[in-house]
Structures are given as structure tokens and as C-alpha cells.
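# Tertiary structure, described
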Amino acid sequence: MFSRILIANRGEIAVRIIRAARELGIQTVAVYSTADRDSGHVKLADQAICIGPPPAGESYLNSPRIISAAEVANVDAIHPGYGFLAENAHFAEVCRSCRIEFIGPSAEAMKLLGDKVQCKQLAIKHKVPTFPGSKGAVEGEEQALKVARQIGYPVIIKASAGGGGRGMRLAHNDISLRSGIRSAMAEAEAAFGNPTVYIEKYLEHARHIEVQILGDQHGNVVHLFERDCSMQRRHQKLIEESPCPVIDDDARQEVCKSAVRLAKAAGYFSAGTVEFLMDKHGDFYLLEVNTRLQVEHPVTEAVTGIDLVKAQIRVAAGGKLGFTQSQIRQNGHALEARINAEDPQRGFAPCPGLIEQLQLPGGPGVRIDTHCYTGYRVPPNYDSMIAKLIVHQPTRQEAIATMSRALGELQLSPIKTTIPLHMDLMRNGSFIKGDVDIHFVERLLEKK
Ligand code: ADP
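Counting from 1, residues in each chain are numbered in the order their sequence is written. Local features in a predicted model are, by the rule used here, given only for residues with pLDDT of at least 70; side-chain atom pairs are given and counted only at 80 or more, and totals for whole chains, interfaces and linings are based on all residues. Only hydrogens and water are removed before side-chain values are computed, so all heavy atoms of the structure are retained for them.

## Description of the pattern of salt bridges
Close approach of charged atoms allows side chains with opposite charge to pair. Any Lys or Arg side-chain nitrogen found within 4 Å of a carboxyl oxygen on Asp or Glu counts as a salt bridge. Taken as a whole, this structure holds 33 salt bridges when the rule is applied. With a closest N to O distance of 2.8 Å, Glu87 and Arg292 form a salt bridge. With Glu87 in the loop between strand S4 (77–79) and helix H4 (89–97) and Arg292 in the loop between strand S13 (284–290) and helix H10 (297–304), this pair connects stretches of sequence that are 205 residues apart. Under the relative-accessibility criterion, Glu87 is labelled partly exposed at 35%. Under the DSSP-based scheme used, a helix requires at least four consecutive residues in state H or I and a strand at least two consecutive residues in state E, with every element numbered from the N terminus. Accessibility here uses a 1.4 Å probe with only protein chains present; expressed as a share of the type maximum, an area under 20% marks a residue as buried, one over 50% as exposed, and anything in between as partly exposed.

Next comes the structure, spelled out in C-alpha cells:
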């Protein structure tokens, strides 16, 4: 097992990883930018190293500085968290060539699954359901038009190297497809240095269902069932839950098994997520694979009782999973609400600033992951998520009641947050019935 690891990340996820490492008896080294001097993750780690100024390119995304910090601190491994360098295969290679283990999958698996065209081709080969669309990259407008006429409009144009919704265009007819292809290719080239795009059928009403997978370096791959992340705003997840409230056991087994097939085909180990959209008939289509820990991993931990971060660390050190698929069960229901420092009155604009008062909720079934405390100043430089509130109860109805109660206890002022929105959603009839799709929250906000 490792004796010391560095966490190449910040905020709540750095805190989460420090906690897992400490319970495994591993020392922790935090890194921070000057904007994060007072962050909870810096205080909690055994050692903390400043790696640069606030812009991520000069700190959290700067691999030479992170590798230098790892060498100075003499760590055995680096956990990248999510975002920043977590899905950067080159960084994983650099770590390993410096004899520092990267706590994540192999660089090869990251490259293969991170390229959406290659990932889709692998999925088709292994009978994982994908959207109707181009078999691979589309070379130009004429080919795109041909595919679109075959599958029917609307279609979505996506960048093979895409992420964060960039390089995507919706097209309802030939004219918007022609201009969409050109602008998507230009955007993809500028954002990712790769202009490859492909097209697929656009689903108007869909739920986002994703499967947690976990593998070791001895060829074992299991799934930890699904999460439903249909409650989104601008493709950003707001509330996640496990299990999905509307799928039956047969569909669940099928989608989970297909995720495992894809992971095995890619030679995957560590934690990962296979994302799907589900249409109103209950059919699934592959969206993408995230080769890292997800923000919403705690809901899966709650229902399965498996600590995903500890599992990632053990697997990176060469350990075996230590359990089989049949030993993994879904117990009860878990919900996660992302608490963002955003102002709902100003179109959810980021709302950084001083937290003068912070009172965290507690009691049965409540978990909170945060790096914030009373007197902490949320810096304006990074993602606006400042805490995650996770609840776990025997039934979904009880989980919703616990979430409402815990949101009421959570006092955070004077900065504006998504807490009032979450309170409204917990009282919303459609959400309570589980009758939502990925555009539900946006439609609700438009009505207001
Ligand atoms: P990214 O990696 O850029 O986030 P994804 O492939 O995960 O791209 O897609 C992001 C979001 O775009 C999805 O969560 C979904 O809301 C929407 N989307 C993507 N593909 C489709 C599709 N074929 N039909 C409908 N919506 C889609």
C-alpha cells in the first residue's frame, strides 16, 4: 500500500480524498493556488504545497508544477479527483514515467474511451446500445446530410474530443446542419485541437442514466448499479439519485451489464462511469464514458456501502477488488443535491464571497462533503460548487423528506446559493413522482 499520496485537486473532492486516505493510514499532501490558501482541503492535509497563482493553467492544470510538488513531497501516488487533469492521459503517463502511480485507469484506456468516435465504435462492436448516427467521424457536409436524411432530424453534431458540452450543435434541417458542421468543427479545433465531429439522432425527451463501474488490475470489473442524473441545468447536474426511480430490474440488469462489457473491452480498471440517455420507451443509448471519479459518486457509496475512493486507491496499489458482482446490492435510496454559490435571481451567475455564517445539517441519513467553513471566502476563480448534501434512507419518499429537512437546517449566508431551488424541487409534484427528463428543471425555471 502507498504511504503518502498527493491530491492534484481542490475543494470538496480534495477533502473527500484526504478522508479516504487517512482512514487507510496514508499520509496526504494537498496542493493549492494562492486563491485557495484558506481552503478546507489545505487545512486538513498532512502537508500542503502552493503550486502557483489562481489561473488553473498556472496551478491545478499545470502538470510540471504538480509533478515537482509530488517529487519534493516524495509521494507514491497522485489522485487527480475530477476535472482538471483527471482525464488527461498524458498526465497519467507522465506520473507513471516519474515512478508516481496515477490513481485512475491506464493511459491507454483513457485515450480509447476519451475519444468519442473510438468509444462508440468499441461500443457497437460489443453490443452496447448507441444512438443511430454516423458510424465514425463525418468528413464533411455532404456525408453529414446523407446520414441525417437516413436517421431523420433533429440530429446532434458532437466533437469526438468533446467535453463540457463544447463543440455540440443541434440541427433541425439541412440548412442548420450545413452551418452546424462548419461551426462545430471550428469550435472543436479551437477547444481541443481536433476538428473531428460525428452526428447522431437527437432525443427530445430523455433521462440521464449512468452506471458506476469499478475494476482492478487483475481483470475483475463490476458495476455498482445506476444513478439517475436527469435533474440538470445547462447540462450541469443539480440532483442525482440512486437507484433510478423508473427503471425495472430487467432494464437495470441490461444497462449495467452492457457498461461492464464496454469497460472490459477497454481493459478498464479503477472507478469509471458509463453514461446513457434513456428514451420514453425505456431504451438506452450510450452518451460517453467518464474515466474518473464523478461528483455524484456518494449516492452510489450510500446504496452499495462501498467506498469508491478507498477502492480506487487499493486498486492503484495493485490490490484486488475483494468482492464479486453478486455481493453488491442496492440498499435503500440516496439523493445528492449540489450546493452551488450562484444567484438564482441573476440567472444563476456565480456568487463568490465571504461565508459569514455556516451551519451544517446532521442527524440520521445525512452526509455533507465540503471544504467550506464559517469565515471562508469562496474565491471567484473556480467552479461554483461549494458543498454536496447527500441523504440515504430506506425509500425514495423518506430520502426526499430527509433532504428537505437537511436543506432547512443548512444555513449558509450571506452569499446566494442553490439551496432555495433544491427546497422547491423537493416539494415539486413531478419530481416526487419521478416524472422528469433532462430539460425538466429548465422548463420549470422558464415558467417562473
Ligand atoms: P459532453 O462530454 O460535452 O458533456 P455528452 O455527450 O456527455 O457531452 O452530452 C452532454 C449533454 O448533451 C447530455 O447530457 C444531453 O443533455 C445532451 N445530449 C448529448 N447527446 C444527445 C442526444 N443524442 N440526444 C439528446 N441530448 C443529447
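What follows picks up the thread again.
## Side note on the nonpolar core
Buried Ala, Val, Leu, Ile, Met, Phe, Trp, Tyr and Cys residues form a nonpolar core when they are joined through side-chain atoms within 4.5 Å. In terms of nonpolar packing, the biggest core is built from 60 residues, with Ile5, Leu214, Leu262 and Phe276 touching the most fellow members. Sorting elements by how many residues they give to this core places helix H9 (residues 249–265) first, with seven residues. Three or more residues apiece are contributed to this core by two domains, here domain 1 (4–103) and domain 3 (207–447). Here a residue-residue contact requires only that any non-hydrogen atoms of the pair lie within 4.5 Å. For Ile5, the contacting residues outside a window of four places in its chain are Ile17, Ala21, Ile26, Gln27, Thr28, Val29, Val75, Ala77, Ile103 and Ile313. Core analysis: the next-biggest nonpolar cluster, separate from the first, contains 37 residues, Ile239, Leu407, Leu412 and Ile419 among them. Note that the domain bounds reflect an automated or database-derived domain assignment.

## A word on the pairing of strand S9 (residues 207–215)
For S9, the buried fraction is high: nine of the nine residues fall into the buried class. Only strands joined by at least two bridges in the DSSP assignment are considered to pair. As paired strands, S9 and strand S12 (residues 270–278) are joined by nine bridges and run antiparallel to one another. Note on S12: the bridge partner recorded for Gly215 is Ser270. Two strands pair when backbone bridges link them, and S9 and strand S10 (residues 221–233) are joined in this way by six bridges, in the antiparallel orientation. Across the sheet, Val211 pairs through a bridge with Glu226, a residue of S10. In this structure, the hairpin formed by S9 and S10 is closed by a connection of five residues, where Gly219 is found at a positive phi of approximately 90°.

## Overview of the sheet that holds strand S5 (residues 101–102)
With respect to topology, five strands assemble into an open sheet ordered S3-S2-S1-S4-S5, the strand pairing being parallel. Strands at the two margins of the open sheet, each flanked by one partner only, are strand S3 (47–52) and S5. Pairing between strand S1 (residues 4–7) and strand S2 (residues 27–33): four bridges, direction parallel. The residue of S2 that forms the bridge with Leu6 is Val29. Across the sheet, helix H3 (residues 63–73) touches S1, S2, S3 and S4, and the angle it forms with S3 is around 150°. Fitted lines through C-alpha atoms give the axes, limited to the stretch in contact for helices. The angle between two N-to-C directions lies from 0 to 180 degrees.

## Considering the site of the ligand
Residues are classed as near a molecule or strand on a simple rule: at least one heavy atom within 4 Å of it. Around the ligand, the surrounding shell holds 19 residues, and the nearest of these are Lys116, Gly165, Lys201, Leu203 and Glu288. Note that a nitrogen atom of the ligand is positioned 2.8 Å from one of the backbone N or O atoms of Lys201. In this structure, Leu203 approaches the ligand through a main-chain N or O atom, which is 2.9 Å from a nitrogen atom. Counting only elements with at least two residues in the shell around the ligand, the list comes to strand S6 (155–159), strand S8 (197–201), S12 and S13. When residues of the shell around the ligand are sorted by domain, at least three fall in each of domain 2 (128–201) and domain 3 (207–447). As used in this structure description, the phrase polar contact means that two N or O atoms lie within 3.5 Å; if the pair is within protein, one of them must be able to donate a hydrogen and the other to accept it, and residues adjacent in sequence are counted only when both atoms belong to side chains.

## Thoughts on the packing of helix H12 (residues 396–409) against helix H13 (residues 419–426)
Where H12 contacts H13, the two axes come as close as 10 Å, and the packing angle between them is 150°. Here H12 is positioned roughly antiparallel relative to H13, judged by the angle of their axes. Crossing handedness for the pair H12 and H13: left-handed. Here Ile400, Met403, Ser404, Leu407 and Gly408 of H12 come into contact with H13, specifically with Ile419, His422, Met423 and Met426. Working rule for angles: under 35 degrees goes down as roughly parallel, over 145 as roughly antiparallel, 65 to 115 as roughly perpendicular, anything else as oblique. In this scheme, a crossing is called left-handed if the near helix is turned counterclockwise away from the far one by less than a right angle; it is called right-handed if the turn is clockwise.

## Things to note about the sheet that holds strand S14 (residues 333–340)
Strand order in the open sheet formed by eight strands is S13-S12-S9-S10-S11-S14-S21-S19, and the pairing between neighbours is antiparallel. Both edges of this open sheet fall to S13 and strand S19 (366–370), since each of them pairs with a single strand only. Strand-to-strand twist of the sheet, defined as the mean angle between neighbouring strand axes without regard to direction, takes the value 25°. Across four bridges, strand S11 (residues 236–242) lies against S14 in antiparallel orientation. Pairing of Ile239 across the sheet is with Ala337, part of S14.

## Regarding helix H1 (residues 11–23)
Taking 1.5 Å per residue, 13 residues should reach 18 Å; H1 reaches 19 Å between its end C-alpha atoms and fits that length. For H1, the buried fraction is high: ten of the 13 residues fall into the buried class. Among the residues of H1, those classed as buried are Gly11, Glu12, Ile13, Ala14, Val15, Arg16, Ile17, Ile18, Ala20 and Ala21. Among the residues trailing H1, Gly25 stands out with phi positive, at a value near 75°. Given the number of residues in a helix, its expected span is that number minus one, multiplied by 1.5 Å.

## What to know about the domain arrangement of the chain
For the chain, the assigned domains are domain 1 (4–103), domain 2 (128–201) and domain 3 (207–447). The gap between the C-alpha centroids of domain 1 and domain 2 is 36 Å.

## Some remarks on the packing of aromatic side chains
Here a Phe, Tyr or Trp ring, Trp counted by its six-membered ring, pairs with any other such ring whose centre lies within 6.5 Å, and the pair is stacked when the planes are under 30 degrees apart, edge-to-face when over 60, and tilted otherwise. Applying the stated criterion across every chain yields a total of six aromatic pairs. On the numbers, 4.9 Å between centres and 15° between planes, the contact of Phe131 with Tyr285 is stacked. With Phe131 in the loop between helix H6 (116–125) and helix H7 (141–151) and Tyr285 in strand S13, the pair connects residues that are 154 residues apart, well separated along the chain. No difference in accessibility class separates Phe131 from Tyr285, as the two residues are buried. The ring of Phe431 is capped by Arg396, whose NZ or CZ atom sits 4.8 Å from the centre of that ring. Both a distance and an angle decide whether a charge sits over a ring: NZ of Lys or CZ of Arg must be within 6 Å of the ring centre and within 35 degrees of the ring normal.

## Looking at the state of the cysteines
Here, two cysteine sulfur atoms that lie within 2.5 Å of each other are counted as a disulfide. Overall, the coordinates contain zero disulfides when judged by the stated rule. The closest cysteine sulfur to the non-disulfide-bonded Cys50 is located on Cys372, 19 Å from its own sulfur. The thiol of Cys95 is unpaired, and the distance to the nearest cysteine sulfur, on Cys98, comes to 7.1 Å.

## Some remarks on the packing of H3 against H4
In contact at an axis separation of 11 Å, H3 and H4 are set at 30° when each is read in the N-to-C sense. Our classification of the angle between H3 and H4 gives roughly parallel. Remark: the crossing between H3 and H4 carries right-handed chirality. Contact residues: H3 offers Ser63, Ile66 and Ile67, while H4 offers Phe91, Val94 and Cys95. Residue type decides the class: Asp, Glu, Lys and Arg count as charged, Ala, Val, Leu, Ile, Met, Phe, Trp, Tyr, Cys and Pro as nonpolar, and the leftover types, Gly among them, as polar. Of the residues assigned to the contact of H3 with H4, the class counts are five nonpolar, one polar and no charged.

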